[in-house]
Amino acid sequence: MLGVIFPPIAGIILIDYYILQTNRQSLDETREKGLLPDDSSTPLIGWSAIMACILGTIVGIVFKIGIPSLNSILVTGMAYWLLMKIKRVCKK
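Engineer: Even after reading the chapter, I still don't get the packing of helix 2 (residues 7–20) against helix 4 (residues 47–62), so can you show me in this structure?
Structural biologist: Packed helix pairs are characterised by how far apart their axes lie and by the angle those axes make with each other. Running from N to C, helix 2 and helix 4 cross one another at 135°; their axes reach a closest spacing of 9 Å. Between helix 2 and helix 4, the angle is such that the two are oblique. Of the two possible hands of crossing, helix 2 and helix 4 adopt the one that is right-handed. The residues of helix 4 that touch helix 2, namely those facing Pro8, Ile9 and Ile12, are Ala49, Ala52, Cys53, Gly56 and Thr57. Considering only residue class, the contact of helix 2 with helix 4 consists of 6 nonpolar, 2 polar and no charged.

In structure tokens form, the structure reads like this:
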């Protein structure tokens with residue numbers, strides 16, 4: 001059960017860091033200074049990440065086709081990417 005519940009978190013981290021690159025500029029600036037980022041504009045709760053995690057966990061538990069851990073990571077990553085794209089479009 002833990003092998004299906006925790007991997008979606010990795011899917012969110014991978015999509016956020018490598019594909020969406022939401023905090024890339026602040027990370028690059030603080031890396032040069034050797035400090036940790038202090039971005040107070042970031043919301044405390046990422047609802048899109050929570051919803052994507054729940055969806056990925058449900059898919060990993062319910063669907064018996066393939067490897068449940070990989071299924072949950074892939075579904076979570078796709079759902080998080082889609083929700084963040086929708087969020088960016090709605091803000092404009």
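From this point on, the discussion continues.
Engineer: Before we go on, may I ask you to explain the side chain of threonine 30 in this structure?
Structural biologist: Along the chain, the position of threonine 30 falls in helix 3 (residues 24–33). The exposure class assigned to threonine 30 is buried, which follows from its relative accessible area of 15%. Dropping the residues within four chain positions of it, threonine 30 is found in contact with Leu35, Leu36 and Pro37.

Engineer: Help me understand the pattern of salt bridges, please; the structure alone is not making it clear to me.
Structural biologist: Oppositely charged side chains can form a pair if their charged atoms are brought close together. All told, the structure shown has 1 salt bridge when counted by the stated rule. Aspartate 28 is the salt-bridge partner of arginine 31, the closest N and O atoms lying 2.9 Å from each other. Of this pair, arginine 31 and aspartate 28 both sit in helix 3, 3 residues apart, which is roughly one turn of the helix.

Engineer: Before we go on, may I ask you to explain helix 2 in this structure?
Structural biologist: One turn of an α-helix holds 3.6 residues; hence residues three or four places apart share an orientation. With 14 residues, helix 2 should cover 20 Å at 1.5 Å per step; its first-to-last C-alpha distance of 19 Å lies within 8% of that length. Turning to helix 2, its buried residues number three or more, namely Pro7, Pro8, Gly11, Ile12, Ile15, Asp16 and Leu20. Those residues of helix 2 that are buried lie in contact with helix 1 (2–5), helix 4 and helix 5 (68–91). Positive backbone phi, at 50°, marks glutamine 21, one or two positions downstream of helix 2.

Reading the values: the criteria
Residues numbered from 1 in each chain as written. Predicted model: local features only at pLDDT ≥ 70, side-chain atom pairs only at ≥ 80, totals over all residues. Heavy atoms only, no water. Axes fitted to C-alpha atoms, helices over the stretch in contact; angles between N-to-C directions. Helix = DSSP H or I, 4+ residues; strand = E, 2+ residues; numbered from the N terminus. Parallel < 35°, antiparallel > 145°, perpendicular 65-115°, else oblique. Left-handed = near helix turned anticlockwise from the far one by under 90°. Contact = heavy atoms within 4.5 Å. Nonpolar A, V, L, I, M, F, W, Y, C, P; charged D, E, K, R; others polar. Buried < 20%, exposed > 50% of the residue type's maximum accessible area, 1.4 Å probe, protein only. Salt bridge = Lys/Arg side-chain N within 4 Å of Asp/Glu carboxyl O. Expected span 1.5 Å × (residues − 1).

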